[in-house]
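Coordinate inspection notes
Residue strings, one per chain:
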Amino acid sequence: MPTIINNNFTLDSHAMRAERLVAIQTNLRSLESEVQTPAEISAWALHCYSNYMTKWTESNVAQNEKESATFNLEQKILILEEEYQSVRNYAYTIYDTNSNAFRDFKFDEAFPDDRVSKIAKVNEVLEVYEKQKESGQTPILPEVLVLKLQEAATQFNFAYKEQNSAKNHARNTTADFRRLMEADAKQLQSLRAWWYAIL
């Protein structure tokens, strides 16, 4: 439990702010008849700690969800890369006498580093496969390998959307919590000014 050592509210850690607010919410109401706190401050103090803890908890949960979604996406990226390499390696064995068919997939190019380009590359491979399949070309990549790559792409797309959603949610809840911290700091300053005025 942190010790409150000053009234510089804008520099409060999260734990320090919680200590201030729990003391106010717990004790101020019993002192109202004595100190006659202004109505705005009294209304705020009634639930200041409860509201603070709600927003703090929401922010922490959202951050954890973002981290979890990011980890899940990273795992899906690894699977996507593995399935792509499986298809690419097999293509070397069946297209060694048909360089044009191999070049259609652009397997000679390096696999991209960024996420958007990775999935674009995989989609390009899937499109080329469908065109070769429709044209009746032989030899052709085994369907089982292509289906695994397609599933990896589907899982990647889902994880990518989930991570974006979690990231946006975390950003919004963090912003809400920051705004509450700032608003509470102003109320604390008003309470301090009132307290000094009646001493």
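Refer to the preceding data block for the structure.
Here goes a summary of the coordinates provided. (Residues numbered from 1 in each chain as written. Predicted model: local features only at pLDDT ≥ 70, side-chain atom pairs only at ≥ 80, totals over all residues. Heavy atoms only, no water.)

Considering a nonpolar patch on the surface
Together, Trp195, Tyr196 and Ile198 give the surface a local cluster of nonpolar side chains, amounting to about 310 Å² of exposed area. Position of Tyr196 relative to the elements: it lies in helix H5 (residues 143–198). (Patch = residues over 30% accessible without salt bridge, like charges linked within 9 Å, V, L, I, M, F, W, Y side chains within 5 Å. Areas by Shrake-Rupley, 256 points an atom, 1.4 Å probe, with all protein chains shown as cover. Salt bridge = Lys/Arg side-chain N within 4 Å of Asp/Glu carboxyl O. Helix = DSSP H or I, 4+ residues; strand = E, 2+ residues; numbered from the N terminus.)

Here's the deal with the side chain of Arg88
By the secondary structure assignment, Arg88 is in helix H2 (residues 39–94). Here Arg88 sits buried without a salt bridge, and the closest side chain of opposite charge, Asp108, lies 7.4 Å off (N-O distance). Aside from chain neighbours lying at most four places away, what touches Arg88 is Phe102 and Phe107. (Buried < 20%, exposed > 50% of the residue type's maximum accessible area, 1.4 Å probe, protein only. Lys, Arg positive; Asp, Glu negative; His and termini not counted. Contact = heavy atoms within 4.5 Å.)

Some remarks on helix H4 (residues 115–135)
In an α-helix, one full turn covers 3.6 residues, which means residues spaced three or four apart are oriented alike. Given a rise of 1.5 Å per residue, 21 residues ought to cover 30 Å, and the 31 Å separating the end C-alpha atoms of H4 matches this to within 8%. Considered for burial, the residues of H4 that qualify are Lys118, Ile119, Lys121, Val122, Val125, Leu126, Val128, Tyr129 and Gln132. At the exit of H4 stands Gly136, carrying a positive phi of roughly 75°. (Expected span 1.5 Å × (residues − 1).)

Considering the nonpolar core
In terms of nonpolar packing, the biggest core is built from 27 residues, with Leu80, Tyr95, Phe105, Phe107, Val122, Leu141 and Leu149 touching the most fellow members. Every element with two or more residues in this core is listed here: H2, helix H3 (99–104), H4 and H5. In contact with Tyr95, not counting residues within four places along its chain, are Ala101, Phe102, Phe105, Gln132, Gln137, Pro139, Ile140 and Leu141. In terms of nonpolar packing, the next biggest core, distinct from the first, is built from 17 residues, Phe9, Trp44, Trp56 and Ala185 among them. (Core = buried A, V, L, I, M, F, W, Y, C linked by side-chain atoms within 4.5 Å.)

Considering unusual backbone geometry
The omega torsion of the bond from Thr138 to Pro139 falls at -5°, within 30 degrees of zero and hence cis. Tracing the backbone shows Pro139 in the loop between H4 and H5. The backbone of Lys106 sits at a positive phi, close to 60°, despite the residue not being glycine.

Describing the pattern of salt bridges
Tallied over the full model, the rule gives eight salt bridges. Here Asp12 and Arg20 are joined by a salt bridge, their closest N and O atoms 2.7 Å apart. Arg20 shares its class with Asp12; the two are buried. Here the salt bridges do not stand alone but share partners, grouping Asp12, Arg17 and Arg20 into one network.

Things to note about the packing of H2 against H4
Relative orientation of the contacting elements H2 and H4 amounts to 35°, with a least axis distance of 11 Å. Between H2 and H4 lies a crossing of left-handed hand. From H2, Leu73, Ile77, Leu80, Glu81, Tyr84 and Val87 reach across to H4, where they touch Arg115, Lys118, Ile119, Lys121, Val122 and Val125. A breakdown of the residues in the contact of H2 with H4 according to their chemical character gives eight nonpolar, no polar and four charged. (Axes fitted to C-alpha atoms, helices over the stretch in contact; angles between N-to-C directions. Left-handed = near helix turned anticlockwise from the far one by under 90°. Nonpolar A, V, L, I, M, F, W, Y, C, P; charged D, E, K, R; others polar.)

Things to note about the packing of aromatic side chains
Enumeration over the complete set of coordinates arrives at ten aromatic pairs. When the centroid spacing of 5.7 Å and the interplanar angle of 55° are considered together, the rings of Tyr52 and Trp56 count as tilted. With Tyr52 and Trp56 both in helix H2 and four residues apart, this pair spans about one turn of that helix. Among the residues examined, Tyr52 registers a relative accessible area of 0% and is labelled buried. Here a set of aromatic residues connected by ring pairs shows up, and it is made of Tyr84, Tyr92, Tyr95, Phe102, Phe105, Phe107 and Phe111. (Phe/Tyr/Trp six-rings, centres within 6.5 Å; stacked < 30°, edge-to-face > 60°.)

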